[in-house]
Amino acid sequence: MNAHTSDAPATHDLVLGLDDKPRPWVAFLAALQHLLAIIVPIVTPGLLICQAIGVSPRDTNIIVSMSLVISGIATFVQCRRFGPLGAGLLIVQGTSFNFVGPLIAGGVLMVKDGTPVEAVMAAIFGVVIAGSFVEMGVSRVLPFVKRLINPLVTGIVVLMIGLTLIKVGLISMGGGFAAMGDGSFANGENLLLSGVVLGAIVVLNRMPVVWMRSCAIIIALAIGYALAAWLGRLDFSGMHQAALFQVPMPLHFGLSFSWSLFIPMVVIYLVTSLEAIGDITATSKLSRQPVEGPLWMQRIKGGVLVNGANSLLAGLFNTFPSSVFAQNNGIIQLTGIASRYVGMWIAAMLVILGLFPVVAGVLQAVPEPVLGGAALVMFGAVAAAGINILAGVQLDRRALLIIAVSLALGLGFSQVPEFLAHLPAALRNVLESGVATGGICALLMNWFLPETPPVAERR
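Residues numbered from 1 in each chain as written. Predicted model: local features only at pLDDT ≥ 70, side-chain atom pairs only at ≥ 80, totals over all residues. Heavy atoms only, no water.

**A closer look at the packing of helix H10 (residues 216-230) against helix H17 (residues 368-391)**
Okay, so step 1: Viewed as axis vectors pointing N to C, H10 and H17 meet at an angle of 160 degrees, and their least axial separation amounts to 9 Å. As summarised for this structure, H10 and H17 are arranged roughly antiparallel, according to the angle between their axes. Handedness of the H10/H17 crossing: right-handed. Residue-level contacts link Ile217, Leu221, Gly224, Tyr225 and Ala228 of H10 to Val370, Leu371, Ala374 and Met378 of H17.
Okay, so step 2: When its residues are assigned to classes, the contact of H10 with H17 shows 8 nonpolar, 1 polar and no charged. (Axes fitted to C-alpha atoms, helices over the stretch in contact; angles between N-to-C directions. Helix = DSSP H or I, 4+ residues; strand = E, 2+ residues; numbered from the N terminus. Parallel < 35°, antiparallel > 145°, perpendicular 65-115°, else oblique. Left-handed = near helix turned anticlockwise from the far one by under 90°. Contact = heavy atoms within 4.5 Å. Nonpolar A, V, L, I, M, F, W, Y, C, P; charged D, E, K, R; others polar.)

Right, here's the structure in full:
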């Protein structure tokens, strides 16, 4: 979620510029504000995917811990910059929500078909690694890709991601797939936990105190955590089974591949690349850096390249794809600090937290309804971001037709998969993903339908 910025400092009121080195205590406090805004979004995708697929508490702890470590590494590279790698700005990168829906849908289907959970995770991480090369390739041909996938296509796909994720959020609010199995789904206790968190986020976001709004999700989760403790709902089994110090172990689950998982991921990797362009441009503007010209394009290419390279690293070290976070632009405005050295402090904090599994264990102990109350808001924010992108598009009859058909087919096929029953299994598995169907439809229609001449439109 993006932080509110209405009463934040303007870009010309920077306290610390891009290359200014703050004092250690200033850097620590600024980094801590960023950390409070990002730690929940970084760990939530891993927790939701693992809970949905039925990953063991011990393996879930490994995945969540590695999501923190990998996010820290990516953040360091983005801020420090190594040759072509990185944007050289105060950019925070973390686990992306964009991939949650397709990975849960595909993973749950594979489990239902009898595939062991470990084999499902091996296939997921194989697909994460393969897809990362798509994004790294995109970083080299950005001008061509930007012509092919314009804001109309991007807005539709981001909106589809948000709309399909809302179902995931509601299932979590009710207690998750496990609660569906034992009959406790959406019982009074689960609805109380999720409702308190959801209500707290809404109330905190309307507070006049800026720092409370920017930390609304983590404060609401703390309230939900305390309520869950009072109800005796905290589960620390993942922490008890974890080692004191987590040495990163590559390919813990092995490596496999699934085409039905891969096709939707390709669409999302493409869109995530374009989202990164917008986020990096916003950070560049806030940092009083160019937003056009060769330096800007160099930053964009480096940032998108790290997006892909870090997703490759994520797949190797048993976690999920990452992307540039937009909400940290709100913290830059809030603090007036754009120093990339603060980003290196954030990176160090993330890596340290990830190397000690007790941190992941504390987060993992959160009952799924508590997580669901926060996730629903974050997923709704993804859909709202898609609407915001489309709001900047000239919505003529051609654009409205593309939106209408893409949303209808994307949502329709995902809600009524029986419609695809007589198609070949490989094609059916791809089209059942609302994001893949809507995205491919938007891409093809935008490519092949001729632009509406302005004069003809007026007539």
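After that view, the rundown keeps rolling.
**Observations concerning helix H16 (residues 357-364)**
Turn by turn, an α-helix covers 3.6 residues, leaving residues three or four places apart pointing in a common direction.
Okay, so step 1: Among the residues of H16, Pro357, Ala360, Gly361 and Gln364 are the ones counted as buried. Buried residues in H16, looked at end-on, bunch into an arc of 105 degrees, giving them a common side.
Okay, so step 2: Buried residues along H16 sit in contact with helix H1 (24-53), helix H2 (57-80), helix H11 (237-240) and helix H15 (340-355). (Buried < 20%, exposed > 50% of the residue type's maximum accessible area, 1.4 Å probe, protein only. Arc of directions from axis to C-beta.)

**Concerning the nonpolar core**
Okay, so step 1: In terms of nonpolar packing, the biggest core is built from 121 residues, with Met121 and Ile124 touching the most fellow members.
Okay, so step 2: Top element by residues in this core is H1. It accounts for 15 residues.
Okay, so step 3: Here Ile124 is in contact with Ile53, Leu103, Leu261 and Phe320, once residues within four sequence places are set aside. (Core = buried A, V, L, I, M, F, W, Y, C linked by side-chain atoms within 4.5 Å.)

**Some remarks on the pattern of salt bridges**
Okay, so step 1: By the definition in use, this model includes 3 salt bridges.
Okay, so step 2: With its nearest N and O atoms 2.8 Å apart, the salt bridge here joins Asp19 to Arg340. Of the two residues, Asp19 is situated in the segment before H1 and Arg340 in helix H15; the sequence distance between them amounts to 321 residues.
Okay, so step 3: Residue Asp19 is classed as partly exposed on the basis of its relative accessible area, which comes to 48%.
Okay, so step 4: Using a relative accessible area of 16% as the deciding quantity, one classes Arg340 as buried.
Okay, so step 5: We note a salt bridge from Arg233 to Glu189, for which the minimum N-O separation is 2.7 Å. Of the two residues, Arg233 is situated in the loop between H10 and H11 and Glu189 in helix H8 (residues 188-205); the sequence distance between them amounts to 44 residues.
Okay, so step 6: A residue is classified by how much of its surface remains accessible, and Arg233, at 26% relative accessible area, is partly exposed. (Salt bridge = Lys/Arg side-chain N within 4 Å of Asp/Glu carboxyl O.)

**Things to note about the environment of Asn329**
Okay, so step 1: For Asn329, the position within the fold is in helix H14 (residues 327-335).
Okay, so step 2: Placed 237 residues apart in sequence, Asn329 and Val92 show a C-alpha to C-alpha distance of 9.3 Å.
Okay, so step 3: Filtering out sequence-adjacent residues up to four positions away, Asn329 remains in contact with Asp279, Ala282, Thr283 and Leu286.
Okay, so step 4: There is a polar contact of 2.6 Å between the side chain of Asn329 and the side chain of Thr283. (Polar contact = N/O pair within 3.5 Å; in protein donor to acceptor, adjacent residues only side chain to side chain.)

**A closer look at the packing of aromatic side chains**
Given two aromatic rings, one states the distance between the centres and the angle between the planes to describe the pair.
Okay, so step 1: In total, this model carries 11 aromatic pairs according to the counting rule given.
Okay, so step 2: On the numbers, 5.6 Å between centres and 85 degrees between planes, the contact of Trp259 with Phe262 is edge-to-face. Here the residue Trp259 and the residue Phe262 both occupy positions in helix H12 (residues 259-286), the gap between them amounting to 3 residues, near one helical turn.
Okay, so step 3: By relative accessible area, which is 59% here, Trp259 ends up exposed.
Okay, so step 4: Taking the centre distance of 5.5 Å and the plane angle of 20 degrees together, the rings of Phe413 and Phe419 count as stacked.
Okay, so step 5: Judged by its relative accessible area of 14%, Phe413 falls in the buried class.
Okay, so step 6: A network of ring pairs unites the aromatic residues Phe125, Phe253 and Phe320 as a single cluster.
Okay, so step 7: The ring of Phe82 is capped by Arg80, whose NZ or CZ atom sits 5.2 Å from the centre of that ring.
Okay, so step 8: Just above the ring of Tyr341 sits the side chain of Arg340; from NZ or CZ to the centre is 5.4 Å. (Phe/Tyr/Trp six-rings, centres within 6.5 Å; stacked < 30°, edge-to-face > 60°. Lys NZ or Arg CZ within 6 Å of the ring centre and 35° of its normal.)

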